Every structure is written in structure tokens, then in C-alpha cells.
Amino acid sequence: MYKLIIFGAPGVGKGTQAELLAKKMDLFHFSTGNYLRELIKKETEIAKKVKEILEKGELVPDDMMIEIIKEALINNNRPNGFILDGFPRTVKQAQELDKILKDMNLQDIIVIYLKVSHEEILRRLLLRGRADDSKEIIEKRLNVYEETTSKVLDYYKSKNTKIIEIDGVGEIEEINNIIITEINKNYYI
Ligand code: ADP
């Protein structure tokens, strides 16, 4: 069973690669960004609050994200495994995820770390033009990544979690094939 996390700065292509991997390997793809963008279409108080957070480029509180991921993993019925995209984004989330996976007997994850230069990220995000892709919000999100999310990688390194580092610049299919080769080289379970 594949237990994958795709990790990297905004704009590195996590969503695109995760979707392709899920299709080819029959995995459960859970994108917290997609989930939250669906959620904010609702007319609830919580949706309003989340919308404000997303529009500012800030992070949704850990407690809420942890509940969301727990429910997603419990409801997953794909026997081949899962790929998490957009989670964890803080060390707290990573620690809680470890506990959840341990309780579910789903240890030994692999982290796919997609790397792209800062200039290329800015170029891509400005081209993408999503609601939270204005220059100001992009800068905020990149800041949040540098200050908070990048620490998640240090956390996994300190725990000797398997990290596959992939160059995110190139053809989508080509990058995807490199990822699959690397996953299969490293998967013994
Ligand atoms: P990107 O592709 O640019 O990394 P995402 O679609 O993954 O963006 O996420 C969009 C926004 O959703 C983030 O900027 C953040 O506000 C919120 N978000 C997504 N995942 C999380 C998370 N794990 N914790 C907190 N906030 C999150």
C-alpha cells in the first residue's frame, strides 16, 4: 500500500503531479486546497471564515485541518493507498498526522519533495490566476511557506522519513515518470 505525501512550495505542481499519480497508481488523492475551495462555496459561518483566511494567503488553523484529514483518511477505501497534497503544512500538523497514521496502522510514509526555483514559482502562480494568486497574496503564501511550512521537511528529516527530492521543472509526464520510478525504488512494503 502506497502512503505518499507530496510536498513543496505553492506553484511547484503538487496538485498536477498528485492527480496524475493517483490516476496511474489508483490512489486516493486528497488535496486540502481543493477541499477548502469547495468548502468556501457554502453559505456557512465557517465557510466565511475560511474564505477570509484563503484570501489573505494565511493558514487555516491546525485543529480544523487535522479533523479534515482524519475524516478523509477514515473514509478512504482505495486499497492501493493515498497521496496527500497540501498537508501537512505545519510541524504540528505533521506530528498529528503521525499519530493518526499510527492509530490506523499506516506508518512508513514517503515524502515526495518537489523543488522549483523562486523565480519560476512566481512566474507560474501569476500565470495560473486563481483567486488567491494575486501578486500580494502570492508573496504572503511564499512567506508562509518559508517561515512555517518548510520546517515540515526538517521534521521529516529528523525522523529519517524517506524523502524523494524531485526537480519540478520539465515536462509534466516526464516528471511524473521520474516520481513513479523513485517511489518504486524506495517502496519495500
Ligand atoms: P498551493 O497549490 O498554492 O500550494 P493549495 O491549493 O494547496 O495551494 O492551498 C490553498 C490555500 O489553502 C493555502 O494558501 C492555505 O490558505 C489553505 N490550506 C491548504 N492546506 C492547508 C493546510 N494543511 N493547513 C492550513 N491551511 C491550508
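Structure: see above.
A brief look at the structure comes next. (Residues numbered from 1 in each chain as written. Predicted model: local features only at pLDDT ≥ 70, side-chain atom pairs only at ≥ 80, totals over all residues. Heavy atoms only, no water.)

Looking at the overall build of the protein chain
Going by this rule: Here a strand is any run of E in DSSP of at least two residues, a helix any run of H or I of at least four, and the numbering for each starts at the N terminus. Using a 1.4 Å probe on the protein chains alone, a residue whose accessible area is under 20% of its type maximum counts as buried, one over 50% counts as exposed, and one in between counts as partly exposed. Whether two residues are in contact is decided by their heavy atoms, any of which lying within 4.5 Å being enough.
What the protein chain contains, in helices and strands, is nine helices and five strands. Reading the secondary structure of the protein chain in the N-to-C direction produces β-α-β-α-α-α-β-α-β-α-α-α-β-α. With 189 residues in all, the protein chain has 48% of them scored as buried. Sequence separation of at least 24 residues holds for 76% of the intrachain contacts in the protein chain that already meet a minimum separation of 6.

Considering helix 9 (residues 172-186)
Rules: Any helix carries an expected span of 1.5 Å times its number of residues minus one. Starting at the helix axis, one direction is taken to each C-beta atom, and the arc is that of these directions.
Taking 1.5 Å as the rise per residue, helix 9 with 15 residues should run 21 Å; its terminal C-alpha atoms sit 21 Å apart, in good agreement. Residues of helix 9 that are buried include every one of Ile175, Asn176, Ile179, Ile180, Ile183 and Asn186, and no others. Buried residues of helix 9 fall within an arc of 140° about the axis and therefore sit on the same side. The exposed set on the far side of helix 9, more than 90 degrees from its buried face, consists of Glu174 and Lys185. Tucked into the core, helix 9 has its buried residues touching strand 1 (2-7), helix 1 (14-25), strand 4 (110-115) and strand 5 (162-167).

Details of the pattern of salt bridges
Here is the rule we go by: Just to be clear on terms, a salt bridge is a Lys or Arg side-chain nitrogen sitting within 4 Å of an Asp or Glu carboxyl oxygen.
If you walk through the whole model with that rule in mind, you get 18 salt bridges. A salt bridge links Lys115 to Glu165; the shortest N-O distance between them is 3.2 Å. Taken together, the positions of Lys115 in strand 4 and Glu165 in strand 5 put the pair 50 residues apart, joining distant regions of the chain. Shared partners join several salt bridges into a network, and the residues in it are Arg128, Arg130, Asp132, Asp133 and Arg141.

Some words on the packing of helix 4 (residues 62-75) against helix 5 (residues 91-103)
The line we're drawing: The convention used is that axes are lines fitted to C-alpha atoms, helices contributing only their stretch in contact, and that angles between N-to-C directions extend from 0 to 180 degrees. Should an angle fall under 35 degrees it is taken as roughly parallel, and over 145 as roughly antiparallel, whereas 65 to 115 is taken as roughly perpendicular and any remaining angle as oblique. Note: crossing handedness is left-handed where the near helix turns anticlockwise from the far helix by less than a right angle, and right-handed where it turns clockwise. In this count, Pro and Cys sit with the nonpolar residues alongside Ala, Val, Leu, Ile, Met, Phe, Trp and Tyr, while Asp, Glu, Lys and Arg are called charged and the others, Gly among them, polar.
Relative to each other, helix 4 and helix 5 sit at 30°, their axes nearing to 10 Å. The orientation of helix 4 with respect to helix 5, classified from their angle, is roughly parallel. As helix 4 packs across helix 5, the resulting crossing turns out to be right-handed. Contacts between helix 4 and helix 5 involve Asp62, Met65, Ile66, Ile69, Lys70 and Leu73 from the former and Lys92, Gln93, Glu96, Leu97, Ile100 and Leu101 from the latter. Counted by class, the contact of helix 4 with helix 5 contains seven nonpolar, one polar and four charged residues.

As for the layout of surface pockets
Inclusion rule: A cavity, in this analysis, means grid points on a 1 Å lattice covering only the protein atoms where a 1.4 Å probe fits yet has no way out; a pocket is instead an open set bounded by protein on both sides within 12 Å along at least five of seven lines, and a residue lines either one if it has an atom within 4 Å of a point. Grid points are joined across faces, edges and corners, and a volume is the space filled by probe spheres set on the points.
By volume, the largest pocket amounts to about 790 Å³. Along the wall of the largest pocket there are 41 residues; nearest its centre are Lys14, Gly33, Arg37, Arg89 and Arg130. Here the lining of the largest pocket is composed, by residue class, of 16 nonpolar, 14 polar and 11 charged. Space inside the second largest pocket adds up to approximately 220 Å³. In terms of lining, the second largest pocket is formed by Asp98, Leu101, Lys102, Gln107, Asp108, Ile109, Lys159, Asn160, Thr161 and Lys162. Top element by residues in the lining of the second largest pocket is helix 5. It accounts for three residues. Grouping the constituent residues of the lining of the second largest pocket by class yields two nonpolar, three polar and five charged.

Considerations on the sheet that holds strand 4
Selection rule: Paired strands, as defined in this entry, are two strands with at least two bridges between them according to DSSP.
Here five strands make up an open sheet; going across it, the order is 2-3-1-4-5 and the pairing parallel. Lying at the two open borders of the sheet, with one neighbouring strand each, are strand 2 (28-31) and strand 5. On average, each strand axis in the sheet is tilted by 20° relative to the strand beside it, whichever way the strands run. Helix 4 rests against strand 2 and strand 3 (81-85) of the sheet, and its axis sits at about 165° to strand 2.

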